[in-house]
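This is what each chain is made of:
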Amino acid sequence: MARAGLTADRVVAAAADLADEVGFENVSLSALARGFGVKDASLYSHVRNLQDLRTRVAFLAGGEMVDRIAVAVAGRTGRAALGAFADAYRAYALEHPGRYAATQIRIDQSLLAGSPALRRTAEITYGMLRAYGLEEPDLTDAVRLLRSTFHGFCALESSGGFGAPRDVERSWERAVDALHVALTHWPREAEVG
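Since the structure is predicted, the reported quantities are computational estimates derived from the model, not experimental observations.

## So, the overall build of the protein
The secondary structure content of the protein amounts to 11 helices and zero strands. Order of helices (α) and strands (β) in the protein, N terminus to C terminus: α-α-α-α-α-α-α-α-α-α-α. Viewed in the frame of its principal axes, the protein has a C-alpha envelope of about 60 × 40 × 30 Å. Taking all 193 residues of the protein together, 38% fall into the buried category. Residue pairs in contact within the protein that sit at least 24 positions apart in sequence constitute 70% of those at least 6 positions apart. A total accessible area of about 10600 Å² is found for the protein, and carbon and sulfur atoms account for 54% of it. Taking the 22 positively charged and 24 negatively charged side chains of the protein as two groups, their mean positions are separated by 4 Å.

Here is the structure:
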């Protein structure tokens, strides 16, 4: 029988909080159980196993992140939308390092198919990029460019990887400016293929 007050949502939220404190890779069912003052077995009424828990944290974090991005880009297009998207992405990654790490894990495709957060992320991202006149297959390539740039910058920044005296904020702004130029002058697949 499930312990009173313990729900799947509470377990996942606690795991997300723990991920931000100790790192996503260090979240365990044992640590969560200790935090709730229960035995590990009590959590199995709410999550199947550690992989299920990690997947649920990834969906929670992805939803939080896309909500933040959606608010930031609302009513904007072009460079303004790109900058708002980038800033919201970066802020989430830096404020919630464990949750952000969860958004980077590989998730079974069958689980992704029904994800409202993933669908919303695609709608917002592709909508922003269509303002640059991009269509498939260029959209997919542009999404990959944005994701790898944002993720790489955030990963390096959070680990202290930028040692030069140049202001990191200014480098971020310049990176977003460079992405805007790249998207504005995107080499269309039909033109180069």
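This is not the end of the story, as more comes after the structure.
## Things to note about unusual backbone geometry
With omega at 5 degrees, the peptide bond leading from Glu-136 into Pro-137 counts as cis. Structurally, Pro-137 can be placed in the loop between α8 (116-130) and α9 (138-158).

## Observations concerning the packing of helix α4 (residues 50-73) against α8
Put simply, α4 and α8 touch, their axes get as near as 9 Å, and they point 30 degrees apart. Judged by the inter-axis angle, α4 sits roughly parallel to α8. Relative to α8, the crossing made by α4 is left-handed. Residues Gly-62, Gly-63, Val-66, Asp-67, Ile-69, Ala-70 and Val-73 of α4 lie in contact with α8, whose contacting residues are Ala-117, Arg-120, Thr-121 and Ile-124.

## A short note on α9
Each α-helix winds once per 3.6 residues, and so residues spaced three or four apart point in a common direction. Over its 21 residues, α9 extends 30 Å from the first C-alpha to the last, a length consistent with the 30 Å expected when each residue adds 1.5 Å. Listing the buried residues of α9 in full gives Asp-138, Leu-139, Ala-142, Leu-146, Phe-150, Phe-153 and Cys-154. Mapping the buried residues of α9 onto a view down its axis gives an arc of 115 degrees, with all of them on the same face. Where α9 ends, the next residue or the one after it, Gly-160, has phi of about 75 degrees, a positive value.

## Concerning the packing of aromatic side chains
One pass over the full model with this rule turns up six aromatic pairs. Ring centres 4.8 Å apart and planes at 50 degrees place the aromatic pair Phe-153 and Phe-162 in the tilted group. Residue Phe-153 is classed as buried on the basis of its relative accessible area, which comes to 11%. Residue classification places Phe-162 among the partly exposed positions, given a relative accessible area of 32%. An aromatic cluster is built from Phe-85, Tyr-89, Tyr-100, Phe-150, Phe-153, Phe-162 and Trp-172, whose rings are joined through pairwise contacts.

## Brief notes about the nonpolar core
Among the nonpolar cores identified, the biggest contains 34 residues, and Leu-82, Leu-129, Phe-150 and Leu-183 are the most heavily contacted of them. Listing elements by their share of this core, those giving two or more residues are α4, α5 (78-95), α8, α9 and α10 (168-184). By residue number, the principal contributor to this core is α5, which donates nine residues. Discounting residues that sit within four places of it in the chain, Leu-129 has contacts with Leu-134, Leu-139, Ala-142, Val-143, Leu-146 and Leu-183. Listed in part, the 23 residues of the second largest apolar core include Ala-19, Phe-36, Val-47 and Leu-53.

Criteria and thresholds
Residues numbered from 1 in each chain as written. Predicted model: local features only at pLDDT ≥ 70, side-chain atom pairs only at ≥ 80, totals over all residues. Heavy atoms only, no water. Helix = DSSP H or I, 4+ residues; strand = E, 2+ residues; numbered from the N terminus. Buried < 20%, exposed > 50% of the residue type's maximum accessible area, 1.4 Å probe, protein only. Contact = heavy atoms within 4.5 Å. Areas by Shrake-Rupley, 256 points an atom, 1.4 Å probe, with all protein chains shown as cover. Lys, Arg positive; Asp, Glu negative; His and termini not counted. Charge placed at Lys NZ, Arg CZ, Asp CG, Glu CD. Axes fitted to C-alpha atoms, helices over the stretch in contact; angles between N-to-C directions. Parallel < 35°, antiparallel > 145°, perpendicular 65-115°, else oblique. Left-handed = near helix turned anticlockwise from the far one by under 90°. Expected span 1.5 Å × (residues − 1). Arc of directions from axis to C-beta. Phe/Tyr/Trp six-rings, centres within 6.5 Å; stacked < 30°, edge-to-face > 60°. Core = buried A, V, L, I, M, F, W, Y, C linked by side-chain atoms within 4.5 Å.

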